[in-house]
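Notes for the structure review
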Amino acid sequence: MIGAGRRGGSRAFLSAGLFAALALTLLVPLAVGFLWSLVDPRSGWFAPALLPGGLATVHWERALASPRLVGGVLTSLFISTVVTALSAAIALPTAYALAKLPFRFKRAVEMFVLAPLIVPGLVVGIGVGILFFRLGLAHSVPGVILVQTVGTLPLMIRIVAAAIEAIPDDLIHAARTLGAGPVRVGLLVVAPLAWPGYVAGGLLSFVTSFEEFEKTFIVGSPVVQTLTILLWQNLGGQAIVFPNAAVVTFILLTPVLLIFALGSWLPRGEGALAAGMGKL
Amino acid sequence: MRFAQSVSAVAVAMMLALPAGAFEPVGASSFNVRTNFDPKAVTHQTFEATLLGPARAGGPVVFYDLAESFTPLFTEIVIPAFERATGIKVEYRQVNGDQTVQQLIAAQRAGQPLHVDLMWYPNGQVRLGTETGIIANIPLSSVLPNARDLDPSAARVSRGYEHGGTVLPWHRNLTAIGYDTRTVRPERAPRSFPDLLAFARANPGKVAITNPARGGSGQGFLESAIMAMTTAECQARLFDFSFGPQDAEAWAQGPCLAPVVAYFRELKPHVEFTNGNTDTLNLIANGVAQVATVWEDQVFDFIGRGLLPPTVRLGLLSSGQVGDGDGMVIPAGTRNPAGALLFANFLMSDDVQVRKLGLVGSRTARVGVNVSALAADVAERLVPQDQVVTLSRKRIVATASAEATKRFVADVLQR
Amino acid sequence: MRRLPRSLAVALLLLPGVGFLALFFGTPLVLALVASVTADGPGAKGFTLANYRSIFTNRVHLEGLVFSMYLSVVPTLIALAISVPLAVALQTTFPGRRLFRTLYQLPLAVPTIVAAFLVLVLLDRGGMISRLLAPVGLSLPRMVRDEYAVGVIVAMVWKAVPFMTLIIAGAVASIPSDVTAAARSLGATRVAVFFWIELPMALPGITAATLLVFVTSTGAFAIPSLLGPIYPEPLSIQMYSYAFVENRWGIVSAMGSILSLVACLVLLAYYRLTARVGGGGR
Amino acid sequence: MADLVLSGLSRRFGADFAVSGVDLAVTDGEAVVLLGPSGCGKTTVMRMVAGIVTPDSGTVAIAGRDVTDLPPERRNVGLVFQSYALFPHMTVAGNVGFGLKMRGVRGREAADRVARVLDLVELSALAGRHPRQLSGGQQQRVALARALVTEPDILLLDEPLSNLDALLREQLREEIRALQRRLAVTMLYVTHDQKEAMAVADRVVVMSDGRIKEVGRPVDLYRRPRERFTAEFLGQTNIVAVVASAGRLTTAWGERLEAEAAVGDGPALVSVRPEDIVVVPDPDGPGEIRHVAFLGAEVEYHVALPGTRLRVRRSGIAAGLFAEGTRVAVAMPERVHALEARP
């Protein structure tokens, strides 16, 4: 609302500057990446050429025909969906207790819930890897789901707890006086009112799971092959192959973009996210 | 494919042949794999007849591939052909070799073996794999009919470690010097270590060396330097499989490597060390590196896929350069050893061995395979045959190589 | 139905979340801690501090630790310097604001490996930017595999800025508009409001975002592995090669414990800082 | 100290006018209250004076200087909010000293001025506290001190008392009035509470639907409103339909009244305050008490008359408390005020 003059003016400059920065840091890199996915292997793309010698869709065709890649997409989507749902289900009671009930050692519980975000993923992955061998969970989709949930559950608990904190106690008390037991209050009052938290936490969990690399790599690879694992194989693990990496990159970005489009249509998610992560 | 015919040919032969040369466990009194066939009954003659039935009963063969560039060869050519010929499914997975070895060890310790039947196995880890018992003690080199004409230097030794044939040398490769003829005429390409230093001084930043800690083309380069610069006394045990980690550490920290360290220190300010084999190749493609340490098969493959300019050529330094190749092993936890044996044998067939050279530049360890029929434009992507004959060397023991790499990191990179 | 005792009710509510984390996070961490003080190598058994000692005596390890810290601190500070003004700018209305607010978050969902890939394609010697600059006679300094790890920092900042901005923008948005208006009416310019009002009031959010980015950077593996200098190698990469090439899990666990310890220290510093800033009352 | 002139101020939010064509002149040292129901645009007017909202058209002039395009920090106004808007991360002294710091006043001088103004609002003892350690009334005093310390040309108060309880509200409004008189600062004060408006204002500006309805001294607006809206918004009143004929007004039940000012012949409306009407029990009277509400110091009766219903207030119960159903005679004041509007 604050403006140094009649409305308009400097805001156009701000807008132009921000979008220019966005184009330079996001659009240009992605465009160059996309060009790499279209390089014709017969002519290549070598310095000092500014554009590939020829364009071809052969990398895309090969990728889309590859059962490994299609399998990777399905595996990734499945794991991320289950991880998100699992986190959401586990988070509700704990988030409620943290948000609404006084108890001793609350600070300690809060810090413990935070800890998986603080300890580097590589360390968690290696530790969990050792454990999962003993439990027979290594190299299995359930194992990957569990280890990824270690990373997403803290996010979900914190964000949902912040959303529940914002629910007036009176509403919960009113529901109790109207005859709802604790479980029904949770399902019929708290969960629906905490939905902005679920939206934000769900989006963040899904995306975190979808792009997770270190823990999945250590616990699941090579049997469980998510998209990021496949990407690593084309980029770093054994070889850096730009065209293949570019194709996998854009296949990976497609669902992510869909999720984002969805997220931007769901209001208030951002506020809930900030409330959850804004103070640790 | 010729394979289908060979199956029936062998079947006919089997009826006539007598059992000969039964197969025995390596380095132990019993096999460390569970088999649903009698190993004693498997000979070159009875091979397929004995194994086809148990292999088909054993379910799909799970195959781990550690190389990025071989994926199309496996998934589009070799595996479909094998499946057509035998009716046995192969589940293909691309893996990180070193990581998988650790997983096999961990799985073995936990008593929950990882399900993998045949694995392309990193040759630097053969000692560890043998000592921890994750490699099946089946002498593949002598069991497989198609391995009967292996180069003796490759059949039982991998990077100086004598494994007794448990590792099948299905792939041979050379570390080499690559140069881009757009900027370096072939006669000006460095042919010796002093040449290379002079070239780097004259063209700062134009030589790319793979960090020996991050890629075999760099580690091979380091080994070649050791072979070229150290005394005979220092090299005495470099092909001795009993050269353990402690021995290697003492050797690497001792005076032997001083000239090598001195050479690399001189080289260091003028060259760019890279983060891996393909990182180096991308620097050539970017027009930055004119001369670089490379693997022969990767250069061959990258040119074929339009990832390197076709102007890149290969050569070996006059003091010799080392080469080797990761081999196939059957992990001890296999659930279908019969299928694994059949697939491994198929990989060693003439046809597969020839095609992999033409497709991905992977040489063969079989002396009886005729590879002279390569087209000229394909052959020029490889190291010239005369240099292969005179200048290729075996790699030194992996323990020595690893310790030399540590010395390199501490005394060359760290300063 | 009788009412549950309050403490039992709390315990039951906490059980799913805390129990899950205790089982799949706490236990592995304890296992790693035990492994870090257990002797390595075939047949070796028993308690040892050799793993920790080697981190602080072996120069390759020590410089790796220092480099890990460098790769945590520098990207975090740079991302902070970009995110805070950006978060404030996002509070004003401007044409296309809604679109911008969706798009700028995109790197949040892009895997770190992709960030590394894009930097490699653009900023490596002979990469896209070099090729664009070459005709006008300009050349880019070495930004990939360079000793200051510029490429690593660029990739990490690229990834961190949206995350930080999102959290900080939320914190800034929760400052009542009356408060900033009051400051303006008292003579504070737009810039003064930023430094005196918005920055301190959004501090809990800012420090939280800083902390999370710091920790993510500490454990980063893929980006420095692809873009970093060949020496020193951050502990994350050394951990990887000790684990998967050399089979020395003791030192891997010790390095992991050290990194976790650093993260915990930073967390404690965070609590001290926010307690002081927010202090003075209940 | 300065005068304030608003001319033709308009501002839309979306498609709706929040403020439309507001003209107002406030003289130096005057206390003017903007009064109106919520959503009438009074706060928007104040925010345009402060520079927080930019007008679409029109100008704001302070001390003869056009400030329409100046940012808030260059207008030298003091602003007090309903929400207090104290800086939570600063102490009381820090809050009060903020404006001085922004003006480059530091050190001793700043400290002295902060101390003086804290003394003025009687908060010297709490200078080191943080806002959240203070009560609502104390917080609002800090906000007032913060707005006054820079000696603003105009003091702007936006519903400053609405978050306080009734007792505190009355007390603080007296303090604000006294301070404004003492410092002779020009004041623009926004409220929806008519009592507060009349207690604080030299002049009251009644607003509705983004426009100014009527401006005047509190007593004039109360006694002699031109508009029915003003009459009804400023306290309770009875709007009675009458018929005017040659200056005489006749009610529906036949009572004859005299108009204060000339009224054209025909139907008209008059505003009669409940406290100006007298009822006495009379079995033959035209009215009947339908409802009685005992309010302590006063009693309110709802009296049904032919064609209308009157609200009547009597102070005390000396004359007795009439029961519901009592028939009464009604005495209107002799002279009544006719509204401009006609039925």
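Above this text sits the structure in question.
Structure report, in brief.

The rules behind each value
- Residues numbered from 1 in each chain as written.
- Chains lettered and ligands numbered in written order.
- Predicted model: local features only at pLDDT ≥ 70, side-chain atom pairs only at ≥ 80, totals over all residues.
- Heavy atoms only, no water.
- Helix = DSSP H or I, 4+ residues; strand = E, 2+ residues; numbered from the N terminus.
- Buried < 20%, exposed > 50% of the residue type's maximum accessible area, 1.4 Å probe, protein only.
- Contact = heavy atoms within 4.5 Å.
- Areas by Shrake-Rupley, 256 points an atom, 1.4 Å probe, with all protein chains shown as cover.
- Lys, Arg positive; Asp, Glu negative; His and termini not counted.
- Charge placed at Lys NZ, Arg CZ, Asp CG, Glu CD.
- Disulfide = S-S within 2.5 Å.
- Pairing = 2+ DSSP bridges.
- Axes fitted to C-alpha atoms, helices over the stretch in contact; angles between N-to-C directions.
- Core = buried A, V, L, I, M, F, W, Y, C linked by side-chain atoms within 4.5 Å.
- Salt bridge = Lys/Arg side-chain N within 4 Å of Asp/Glu carboxyl O.
- Buried area = accessible area lost by both parts, 1.4 Å probe.
- Polar contact = N/O pair within 3.5 Å; in protein donor to acceptor, adjacent residues only side chain to side chain.
- Parallel < 35°, antiparallel > 145°, perpendicular 65-115°, else oblique.
- Nonpolar A, V, L, I, M, F, W, Y, C, P; charged D, E, K, R; others polar.
- Phe/Tyr/Trp six-rings, centres within 6.5 Å; stacked < 30°, edge-to-face > 60°.

If you tally the helices and strands in chain C, you get 13 helices and zero strands. Overall size of chain C, expressed as C-alpha extent along the three principal axes, is 80 × 75 × 35 Å. Each of the 282 residues in chain C was classed as buried or not, and the buried ones make up 59%. Sequence-distant contacts in chain C: of pairs separated by 6 or more residues, those separated by 24 or more amount to 71%. Counting every atom, chain C has about 11200 Å² of accessible surface; 71% of that belongs to carbon and sulfur. Of note, chain C has its 20 positive side-chain charges centred 14 Å away from the centre of its 9 negative side-chain charges.

All names here are of chain B. The tally for this structure, following the rule as stated, stands at one disulfide over all chains. A sulfur-sulfur distance of 1.9 Å marks the disulfide that ties cysteine 234 to cysteine 256. The chirality of the disulfide connecting cysteine 234 with cysteine 256 is left-handed, given an S-S dihedral of about -90°. Placement of cysteine 234 in the loop between α9 (216-229) and α10 (245-253) and of cysteine 256 in the loop between α10 and α11 (258-267) is noted, with a sequence separation of 22 residues between them.

With that settled, consider the sheet that holds strand β16 (residues 287-294) of chain D. Residues and elements named next belong to chain D. The strand order β15-β19-β16-β17-β18 describes an open sheet built from five strands, whose pairing is antiparallel. Looking at strand neighbours, the two that pair on one side only are β15 (278-281) and β18 (308-315), the edges of this open sheet. Each strand axis lies, on average, 40° off the axis of its neighbour in the sheet, ignoring direction. Relative to strand β17 (residues 298-305), β16 runs antiparallel, the two sharing six bridges. Its bridge partner lying in β17, valine 292 is registered against tyrosine 301.

Now for the nonpolar core. Phe132(A), Leu227(C) and Leu188(D) are the most contacted members of the largest nonpolar core, which totals 243 residues. With 16 residues, helix α7 (residues 150-173) of chain C is the single largest residue contributor to this core. In this view, Phe132(A) contacts Leu137(A), Ala138(A), Gly143(A), Leu146(A), Val147(A), Val219(A) and Phe24(C); residues no more than four positions away in its chain are not counted. Within the second largest apolar cluster, 51 residues are counted, among which are Ile79(B), Leu168(B), Trp170(B) and Ala340(B).

The next thing to look at is the pairing of strand β10 (residues 312-315) of chain B. All names here are of chain B. Of the two faces of β10, the one holding Val312 and Leu314 and the one holding Arg313 and Gly315 are both buried throughout. Examined bridge by bridge, strand β6 (residues 173-180) and β10 share four bridges and lie antiparallel to one another. From the neighbouring strand, glycine 178 faces β10, where its bridge partner is leucine 314.

With five pairs of chains in contact, the largest contact count belongs to chains A and C. If you take every C-alpha in chain B and every C-alpha in chain D, the smallest gap between them is 48 Å, and the two do not touch.

Turning to the pattern of salt bridges, a few remarks are in order. A side chain with one charge can pair with a side chain of the opposite charge if their charged atoms come near. The full count for this structure, using the stated rule, is 56 salt bridges over all chains. As a salt-bridge pair, Lys42(D) and Glu159(D) come within 3.6 Å of each other at their nearest N and O atoms. Here Lys42(D) is found in helix α1 (residues 42-50), whereas its partner Glu159(D) is found in the loop between β7 (154-158) and α5 (166-183), with 117 residues between them in sequence. Given the relative accessible area of 4%, Lys42(D) is considered buried. Linking Glu300(D) and Arg313(D) is a salt bridge whose minimum nitrogen-to-oxygen distance equals 3.0 Å. Highlighted residues: Glu300(D) in strand β17 and Arg313(D) in strand β18, separated in sequence by 13 residues. Residue Glu300(D) is classed as buried on the basis of its relative accessible area of 7%. Ionic contacts of the salt-bridge type, sharing partners, join the residues Glu272(B), Asp279(B), Asp124(C), Arg125(C), Arg142(C) and Arg145(C) into one network.

The next subject is the interface of chain A and chain C. Taken together, the contacts link 87 residues of chain A with 85 residues of chain C. Of the roughly 7900 Å² buried where chain A meets chain C, counting both sides, 82% is carbon and sulfur surface. Inspection of the region where chain A meets chain C yields one salt bridge. Between Glu211(A) and Lys159(C) there is a salt bridge whose closest N-O contact spans 3.2 Å. Along the contact surface separating chain A from chain C lie eight residue pairs in polar contact (both at pLDDT 80 or more). With 14 residues, the single largest contributor to the side of chain A that touches chain C is helix α1 (residues 10-37) of chain A.

Residues and elements named next belong to chain C. Contact geometry for helix α3 (residues 59-89) and helix α12 (residues 235-244): axes closest at 8 Å, N-to-C directions at 135°. As summarised for this structure, α3 and α12 are arranged oblique, according to the angle between their axes. Contact residues: α3 offers Val60, His61, Gly64, Leu65 and Ser68, while α12 offers Leu235, Ser236, Gln238 and Tyr242. Tallied by class, residues from the contact of α3 with α12 come to four nonpolar, five polar and no charged.

Right, let's talk about the packing of aromatic side chains for a bit. Scanning all chains against the criterion turns up 40 aromatic pairs over all chains. Geometrically, the ring pair formed by Phe112(A) and Phe25(C) is tilted, given 6.3 Å between the ring centres and 55° between the ring planes. Linking Phe112(A) in helix α4 (residues 106-118) with Phe25(C) in helix α1 (residues 6-36), this pair reaches from one chain into another. Given a relative accessible area of 25%, Phe112(A) falls into the partly exposed group. For the ring pair Phe74(B) and Trp120(B), a centre distance of 6.2 Å and an interplane angle of 75° mean the geometry is edge-to-face. Taken together, the residues span a long stretch of sequence, with Phe74(B) in helix α3 (residues 71-86) and Trp120(B) in strand β3 (residues 118-121) at a distance of 46 residues.

As a further point, take the interface of chain C and chain B. With 29 residues of chain C at the interface, the matching set in chain B holds 24 residues. Three residues stand out in chain C for area buried against chain B, namely Arg125(C), Arg145(C) and Ile230(C), and they jointly supply 32% of the buried area on that side. Linking chain C with chain B are five salt bridges, by the criterion used here. Where chain C touches chain B, the interface holds 13 residue pairs in polar contact (both at pLDDT 80 or more).

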